[in-house]
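# Examining the three-dimensional arrangement
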Amino acid sequence: MAASSEGPAAGGSELRQALRQREANRKLKYLSLAVLVVQNASLILSIRYVRTLPGDRFFTTSAVVMAEVLKVLTCLVIILFQKRGNMTDFIVLLFDSIFVQYLDTLKLAVPSLIYTLQNNLQYVAISNLPAATFQVTYQLKILTTALFSVLMLRKSLSRVQWVSLVLLFAGVALVQVEQEGKQKETSVAGVNQNYAVGLVAVVVSCLSSGFAGVYFEKILKGSSASVWMRNVQLGIFGTALGLLGLWWNDGPAIGEKGFLFGYTPMVWGVICNQAFGGLLVAVVVKYADNILKGFATSFSIIVSTVTSVYLFGFHMDLLFTLGAGLVIGAVYMYSLPKVAAPSSASTVSASTQSRSQLASRDGDSETDAFLPKLPGKEKEMLTFFRKRSLTPTPHNIQ
C-alpha cells in the first residue's frame, strides 16, 4: 500500500518540477530576445551618438584596440573559471593552445585581420550615415554570409531563404534610392558627413563580415578548441593588428594627445558594448532559437529607426518605410527553419493522420518531448488539462 501511494505522489512531483523548468526556459528565451534587441540597437545608436557630439573626438582606432583587450581579458577569466581557478592547468592550456599548436593559431590571423578592419569600418560608416540607414543596409551581411556559406561550406539554402535574400537586396536598394536624394543634407549638428564614404564602408564591412564569419565557422568545425580559446586567439591578433592600424593612421596624434584622449563615460559604454556584445549574444543564443534571433534583429531595426527620429531628427518617408519593411520581413523569413518537402500528397495525408493518432494517444508532441519519462497516469492528466483548454500548473495537479 505504501509503494502504491508513493508512486502517484512521486510522479506528480516530477510533473510539477518539469512544468516549473518549462516555464523557466520560456522566460529565459524571451529574456534572451530582449537582450539581443537591446544589444543590436544600442550599439549602433550609441556609436552614432558619441560620433555626433560636439567637443573632442576620441580616436576610433584606440577604441577598437581597447575593445579587443577587454574581450581577451573576459575570455581569459571565463577559461580560468572553467579550470576552477587552477592556475597551473590554465597556463598549460594557454601555452599548448597558442604556442605549441602555433600553426592552428596562425589560421586565425586572416579572420582577425578582417574583424579588425570591420570594426574600424563600422565607426566610419556610422559616422557618415544615419543610424537607421546603417542598420538597414548592414543587414546585407546576411546575404554575403549566405553566399560565402554556399561557396565555402557547401551549404544548401531553402527556397524561402533564397526568396528572403532577394527581398533583402530589394529592401536595401529602396533605402539607398531614398537616401540618394538626401545626400545634400549630410550635416547633423554641424558635423560634416560623406554619404558615399559611409556607404562604401558599410558594404565592405558586410563583405568582410560574411567571409570572416564563414571562415571562422569552418575553423571551429575542424578543431576541438573551445569558443572562448578561439576568441582569445582572435583577440591577440586583433590587438596586434589594431595597434598597427592605430600607429599607421593616428600615431602622431595619439603620441601628442594620449591613447585615451576624448574618452567619456559614454565612449566607455560603447567600447564595453562592442567588446562584450558578441560574447553576450553567444551566451544567450543557446536559450533562443533562430526564429527569435531573426525577430530580435528585425525588431532592433524598428527600435533604431524610431529612436533616430527622436534623437537625430531622422525623417522617414514612404520609400524608406517600404524598404525597411522588406528588410525586416526578409530577416525573419531567412531565420525560419527548413521544412522538408513531402514526396506526394499521400505522404502528407498519412503523416497528418499519424500525427493525429499520436496526439490523441500520447498528448501534445511538444509536451512529450519536454517530459519524455512521465508515468502514464501523469501523461493522461496533462492531456486532460490540455483538451479542456486549461493550463496545467503545480497548483491544479494533485
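Our structure is the block above this text.
Below: a short report on this structure. In this text, all values refer to a predicted model and were calculated from it rather than measured experimentally.

The helix and strand inventory of the chain stands at 16 helices and two strands. Looking at the chain as a whole, 41% of its 398 residues are labelled buried. Contacts in the chain between residues far apart in sequence, at least 24 positions, make up 84% of those at least 6 positions apart.

Notably, Arg 84 is not glycine yet its phi reads approximately 55 degrees, a positive angle. Mapped onto the elements of the fold, Arg 84 is located in the loop between helix H2 (60–82) and helix H3 (87–100). You can call Arg 84 exposed: its relative accessible area is 81%. Positive phi is not limited to glycine here, since Arg 154 has a value of about 60 degrees. Judged by its relative accessible area of 70%, Arg 154 is exposed.

All right, on to the nonpolar core then. Phe 134 and Ile 271 are the most contacted members of the largest nonpolar core, which totals 48 residues. Counting residues per element, this core draws most heavily on helix H13 (residues 318–335), at six residues. Beyond its immediate sequence surroundings of up to four residues, Phe 134 is in contact with Ile 44, Gln 122, Ala 125, Ile 126, Leu 129 and Val 202. One finds Cys 75, Phe 90, Leu 94 and Trp 228 within the second-largest nonpolar core, a separate group that totals 10 residues.

A few words on the packing of helix H5 (residues 109–128) against helix H10 (residues 227–257). Put simply, H5 and H10 touch, their axes get as near as 8 Å, and they point 50 degrees apart. The pairing of H5 with H10 is recorded here as oblique in orientation. In this structure, H5 meets H10 at a crossing whose hand is right-handed. Residue-level inspection shows Ala 109, Pro 111, Ser 112, Leu 113, Tyr 115 and Thr 116 of H5 in contact with H10, the latter providing Leu 234, Phe 237, Gly 238, Leu 241 and Gly 242. A breakdown of the residues in the contact of H5 with H10 according to their chemical character gives seven nonpolar, four polar and no charged.

Another point: the packing of aromatic side chains. Tallying each qualifying case throughout the model produces nine aromatic pairs. A centroid spacing of 5.6 Å and a plane angle of 35 degrees characterise the contact between Phe 95 and Phe 99, whose relative ring orientation is tilted. You can see Phe 95 and its partner Phe 99 sitting in helix H3, four residues apart, about one turn around the helix. An aromatic cluster is present here, built from Phe 58, Tyr 123, Tyr 263 and Trp 268 joined pairwise through their rings. The ring of Phe 58 carries the charged tip of Arg 51 above its face, separated from the ring centre by 5.2 Å.

This part takes up H3. When the terminal C-alpha atoms of H3 are compared, their 18 Å separation across 14 residues agrees well with the 20 Å that a helix rising 1.5 Å per residue should span. For H3, every residue scored as buried is listed here: Phe 90, Leu 94, Ser 97 and Ile 98. For H3, the angular spread of the buried residues around the axis is 85 degrees, confining them to a single face. Exposed side of H3, more than 90 degrees from the buried face: Thr 88, Val 92 and Phe 99 are the residues found there. If you follow the buried residues of H3, they end up packed against H2, helix H4 (102–106) and H10. N-cap assignment for H3: the residue whose side-chain oxygen lies 3.1 Å from the backbone N of Thr 88 is Asn 86.

With that settled, the discussion passes to the packing of helix H7 (residues 140–152) against helix H9 (residues 195–221). At a minimum axis distance of 8 Å, the contact between H7 and H9 shows a crossing angle of 40 degrees. The pairing of H7 with H9 is recorded here as oblique in orientation. The chirality of how H7 crosses H9 is right-handed. Packed against H7, whose contacting residues are Leu 140, Lys 141, Thr 144, Thr 145, Phe 148, Ser 149 and Met 152, the element H9 presents Cys 206, Leu 207, Ser 209, Gly 210, Phe 211, Val 214, Tyr 215 and Lys 218 at the interface. For the contact of H7 with H9, the class distribution of residues is eight nonpolar, five polar and two charged.

Residues Val 160, Phe 295, Phe 299, Ile 302, Val 306, Val 309, Tyr 310, Met 316, Tyr 332 and Leu 336 make up a contiguous nonpolar surface patch of roughly 880 Å² in combined accessible area. Tracing the chain through its elements places Phe 299 in helix H12 (residues 290–311).

Now for the environment of Tyr 115. Summarising the element assignment, Tyr 115 is placed in helix H5. It is 7.0 Å that separates the C-alpha atoms of Tyr 115 and Ala 212, two residues lying 97 residues apart in sequence. The residues contacting Tyr 115, other than those within four sequence positions of it, are Ala 212, Gly 213, Phe 216 and Leu 234.

The next thing to look at is H10. The first and last C-alpha atoms of H10 sit only 37 Å apart over 31 residues, clearly below the 45 Å expected at 1.5 Å per residue. Helix geometry: H10 is bent most strongly at Asp 250, by close to 90 degrees, with proline Pro 252 lying one to four residues after it. A positive phi of about 105 degrees marks Gly 258, the residue just after H10.

Reading the values: the criteria
- Residues numbered from 1 in each chain as written.
- Predicted model: local features only at pLDDT ≥ 70, side-chain atom pairs only at ≥ 80, totals over all residues.
- Heavy atoms only, no water.
- Helix = DSSP H or I, 4+ residues; strand = E, 2+ residues; numbered from the N terminus.
- Buried < 20%, exposed > 50% of the residue type's maximum accessible area, 1.4 Å probe, protein only.
- Contact = heavy atoms within 4.5 Å.
- Core = buried A, V, L, I, M, F, W, Y, C linked by side-chain atoms within 4.5 Å.
- Axes fitted to C-alpha atoms, helices over the stretch in contact; angles between N-to-C directions.
- Parallel < 35°, antiparallel > 145°, perpendicular 65-115°, else oblique.
- Left-handed = near helix turned anticlockwise from the far one by under 90°.
- Nonpolar A, V, L, I, M, F, W, Y, C, P; charged D, E, K, R; others polar.
- Phe/Tyr/Trp six-rings, centres within 6.5 Å; stacked < 30°, edge-to-face > 60°.
- Lys NZ or Arg CZ within 6 Å of the ring centre and 35° of its normal.
- Expected span 1.5 Å × (residues − 1).
- Arc of directions from axis to C-beta.
- Polar contact = N/O pair within 3.5 Å; in protein donor to acceptor, adjacent residues only side chain to side chain.
- Patch = residues over 30% accessible without salt bridge, like charges linked within 9 Å, V, L, I, M, F, W, Y side chains within 5 Å.
- Areas by Shrake-Rupley, 256 points an atom, 1.4 Å probe, with all protein chains shown as cover.
- Salt bridge = Lys/Arg side-chain N within 4 Å of Asp/Glu carboxyl O.
- Bend = angle between axes of the 7 residues up to and from the residue.

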